[in-house]
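Okay, here's what each chain looks like letter by letter:
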Amino acid sequence: MKARIYFKIDMTGVRIEDVLDGYNPVGQWPSVAAGSTKEISPTDIGGIATVDIHGKGVSNSKDYDERTNLRHGERYDFPPGASSALDEIPQFGDLGELAREIDKILKNTPSPAAKSSRAAKLSLSAPKGPK
């Protein structure tokens, strides 16, 4: 059988073991990039294979270990709980909507120059104390 593992985050030390074949590796990579897919061919019984997937997140140094059942031709997203910036884009109907949301955030966030200018104006208009 063949199945695909889609990696949602950058990872190192990735190893996929075939549980039904005595934990023999069916895939091993020093690193995988977020958004990449690796095809594996584990042993199956009745069209279902069981694999253990291990790896370490690059950005968070978290160890991920997951056991999952796969069907022929299936794509499995790993790690299942992780999200990447690419996962956030589909919540917007189109890229125009995403651009408008980014523009709105930028307009509502004062620049460092504006902050220091505002602070200078406040210090000039503040009362100086008793004369």
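Preceding this section is the structure that the text describes.
For every chain, the first residue of its written sequence is number 1, and the numbers climb from 1 along that sequence. Thresholds applied to this predicted model are a pLDDT of at least 70 for local features of residues and 80 or more for the giving and counting of side-chain atom pairs; totals over whole chains, interfaces and linings are not thresholded and use all residues. For the side-chain quantities, the full set of heavy atoms in the structure was used; hydrogens and water were omitted.

Note: two strands are recorded as paired if DSSP finds a minimum of 2 bridges between them. Segments assigned H or I by DSSP are reported as helices when at least four residues long, segments assigned E as strands when at least two residues long, and all are numbered from the N terminus. Taken in spatial order, the 3 strands make up an open sheet running β4-β1-β7, and their pairing is mixed. Two strands in the sheet have a free side with no partner beyond their single neighbour: β4 (37-40) and β7 (75-78). Between one strand axis and the next, the sheet turns by 25° as a mean value, whatever way the strands run. Of the strand pairs in this sheet, strand β1 (residues 3-7) and β7 are connected by 4 bridges, and their pairing is parallel. Bridged to F7 within β7 is F78. Interaxial angles span 0 to 180 degrees and are taken between N-to-C directions of axes, which are lines fitted to C-alpha atoms, for helices over the stretch in contact.

Moving on, we come to the nonpolar core. Counting 18 residues, the largest nonpolar core has I5, M11, I40, L70 and F78 as the members making the most contacts within it. Elements with a contribution of two residues or more to this core: β1, β2 (11-18), β3 (24-32), β5 (48-57), β6 (63-71) and β7. Any two residues whose heavy atoms approach within 4.5 Å are treated as being in contact. Dropping the residues within four chain positions of it, I5 is found in contact with I16, S36, T37, K38, I40, I53, L70, Y76 and F78. Think of a nonpolar core as a cluster: buried Ala, Val, Leu, Ile, Met, Phe, Trp, Tyr and Cys residues, connected wherever their side-chain atoms sit within 4.5 Å. The classification of residues rests on relative accessible area computed with a 1.4 Å probe and restricted to protein chains. Under 20% of the type maximum is buried, over 50% is exposed, and intermediate values are partly exposed.

Here we take up the packing of aromatic side chains. What counts as a ring pair is set by centres within 6.5 Å for rings of Phe, Tyr and Trp (its six-membered ring), and what kind of pair is set by the plane angle: stacked under 30 degrees, edge-to-face over 60, tilted for all other angles. Applying the stated criterion across every chain, the model contains 2 aromatic pairs. Measuring from ring centre to ring centre gives 6.2 Å for F7 and F78, while their planes differ by 85°; the resulting arrangement is edge-to-face. Of this pair, F7 sits in strand β1 while F78 sits in strand β7, and the two are 71 residues apart along the sequence. The class for F78 is buried, based on a relative accessible area of 1%. When the ring of Y64 is compared with that of F78, the centres are 6.3 Å apart and the planes differ by 75°; the resulting orientation is edge-to-face. Here Y64 is found in strand β6, whereas its partner F78 is found in strand β7, with 14 residues between them in sequence.

A large share of β1 lies buried, amounting to 4 of its 5 residues. In this structure, β1 lies alongside β4, joined through 4 bridges in antiparallel fashion. When the sheet's bridge partners are listed, R4 is paired in β4 with E39.

Right, let's talk about the pairing of β6 for a bit. In this sheet, β6 lies alongside β5 in antiparallel orientation, the contact comprising 9 bridges. Considered in β6, the bridge of A49 is made with L70. Between β5 and β6, which pair antiparallel in sequence order, lie 5 residues; one of them, S61, sits at a positive phi of approximately 55°.

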